[in-house]
Amino acid sequence: MTHADLTMMLEFHYWARTRILDAAAALTPEQYTRDLGSAFPPVRDTLVHLCSAEWNWYLRWHKEAPASMFDPGGYPDVQALRARWAEQEPKLRAFLVSLGDAGIQERLEYKSLDGRSHVSAFWEMFLHVVNHGTYHRGQVQTMFRQLGATPSKSVDLITYFHERNAAAGL
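Below you will find a few notes about this structure. What you are looking at is a predicted structure, and each value in this text was computed from that prediction instead of being measured.

### Notes on the overall build of the protein
Link 1 in the chain: Across its full length, the protein carries six helices and two strands.
Link 2 in the chain: Reading the secondary structure of the protein in the N-to-C direction produces α-α-α-α-β-β-α-α.
Link 3 in the chain: Against the 2.2 N^0.38 benchmark of 15 Å for 170 residues, the protein shows a C-alpha radius of gyration of 16 Å, consistent with a compact globule.
Link 4 in the chain: The principal-axis extent of the C-alpha atoms belonging to the protein is close to 45 × 45 × 25 Å.
Link 5 in the chain: Buried positions account for 48% of the 170 residues belonging to the protein.
Link 6 in the chain: When contacts within the protein are restricted to residue pairs at least 6 apart in sequence, those whose partners lie at least 24 apart make up 70%.
Link 7 in the chain: Of the roughly 8600 Å² of accessible surface on the protein, a fraction of 55% belongs to carbon and sulfur atoms.
Link 8 in the chain: Averaging the locations of the 17 positively and 19 negatively charged side chains of the protein gives two centres separated by 1 Å.

Right under this line is the structure:
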């Protein structure tokens, strides 16, 4: 895994996140918070989980131990969640830039929220953040369909590549 690969994957992550948030913004407040019996029952809780998990990784990378996940009640609408993500996205991007090629290979010891100790390379953790996002974005797409709402535009990696290549004239 190279620094350029991780940068591209983080670009994909935020591209897909934006598409999901755009689709979620069309939900009614009741749809946004309706319990659908999923891992994180409403769309809101699933999206807040994603944002929170991403932030907790950032804290670990700065040798801070996150104590908990964000309270979904603090994000009553997509606008509030989008604003939170807008604050943290540049920090994650800047941190990845600061690591450089050598830094992504470094290993970090950290604790999970349940207190277990782990050691992972930065590239593994960044790739996990992207993969974790993909997993939950898939759940949200299904939740949109359960609600009778319009799913987001495609969040497939190949669609990201097609659009990126078209924009570059390839």
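### Observations concerning the environment of Q146
Link 1 in the chain: Note that Q146 resides in helix α5 (residues 122–146).
Link 2 in the chain: A residue is classified by how much of its surface remains accessible, and Q146, at 46% relative accessible area, is partly exposed.
Link 3 in the chain: Taking the C-alpha atoms as reference, Q146 lies 9.9 Å from Q31; in sequence the two are 115 residues apart.

### As for the pairing of strand β2 (residues 117–121)
Link 1 in the chain: Bridge count between strand β1 (residues 107–111) and β2: five bridges; the pairing is antiparallel. The residue of β2 that forms the bridge with E109 is V119.
Link 2 in the chain: Between the end of β1 and the start of β2, which pair antiparallel, lie five residues, with G115 showing a positive phi angle near 90°.

### Overview of the packing of helix α1 (residues 3–24) against helix α6 (residues 157–167)
Link 1 in the chain: Relative to each other, α1 and α6 sit at 100°, their axes nearing to 10 Å. In terms of their interaxial angle, α1 and α6 are classed as roughly perpendicular. Residues M8, M9, E11, F12, W15 and R19 of α1 form the contact with α6, whose own contacting residues are L157, T159, Y160, F161, E163 and R164.
Link 2 in the chain: A class-by-class count of the residues in the contact of α1 with α6 yields seven nonpolar, one polar and four charged.

### Examining the side chain of D45
Link 1 in the chain: With respect to the helices, strands and loops of the structure, D45 is situated in helix α3 (residues 43–61).
Link 2 in the chain: Polar contacts involving the side chain of D45 include one to the side chain of R44, which spans 2.8 Å.
Link 3 in the chain: With near-sequence residues (within four places) excluded, D45 lies in contact with F40 and P72.

### A look at the packing of aromatic side chains
What describes a pair of aromatic rings is the distance from one ring centre to the other and the angle between the planes of the rings.
Link 1 in the chain: Tallying each qualifying case throughout the model produces 12 aromatic pairs.
Link 2 in the chain: The interplanar angle of 65° and the centroid separation of 5.4 Å between the aromatic rings of W15 and Y160 together place this pair among those described as edge-to-face. Of this pair, W15 sits in helix α1 while Y160 is found in helix α6, placing the two residues 145 residues apart along the sequence.
Link 3 in the chain: A connected cluster of aromatic rings, assembled from ring pairs, spans W55, Y58, W61, F95, F122 and F126.
Link 4 in the chain: The ring of W57 has R60 lying over it, and the distance from NZ or CZ to the ring centre is 4.6 Å.
Link 5 in the chain: Taking the ring centre of W55 as reference, the NZ or CZ of R84 above it sits at 4.8 Å.

Quick notes on the rules
Residues numbered from 1 in each chain as written. Predicted model: local features only at pLDDT ≥ 70, side-chain atom pairs only at ≥ 80, totals over all residues. Heavy atoms only, no water. Helix = DSSP H or I, 4+ residues; strand = E, 2+ residues; numbered from the N terminus. Rg over C-alpha atoms; globule rule 2.2 N^0.38 Å. Buried < 20%, exposed > 50% of the residue type's maximum accessible area, 1.4 Å probe, protein only. Contact = heavy atoms within 4.5 Å. Areas by Shrake-Rupley, 256 points an atom, 1.4 Å probe, with all protein chains shown as cover. Lys, Arg positive; Asp, Glu negative; His and termini not counted. Charge placed at Lys NZ, Arg CZ, Asp CG, Glu CD. Pairing = 2+ DSSP bridges. Axes fitted to C-alpha atoms, helices over the stretch in contact; angles between N-to-C directions. Parallel < 35°, antiparallel > 145°, perpendicular 65-115°, else oblique. Nonpolar A, V, L, I, M, F, W, Y, C, P; charged D, E, K, R; others polar. Polar contact = N/O pair within 3.5 Å; in protein donor to acceptor, adjacent residues only side chain to side chain. Phe/Tyr/Trp six-rings, centres within 6.5 Å; stacked < 30°, edge-to-face > 60°. Lys NZ or Arg CZ within 6 Å of the ring centre and 35° of its normal.

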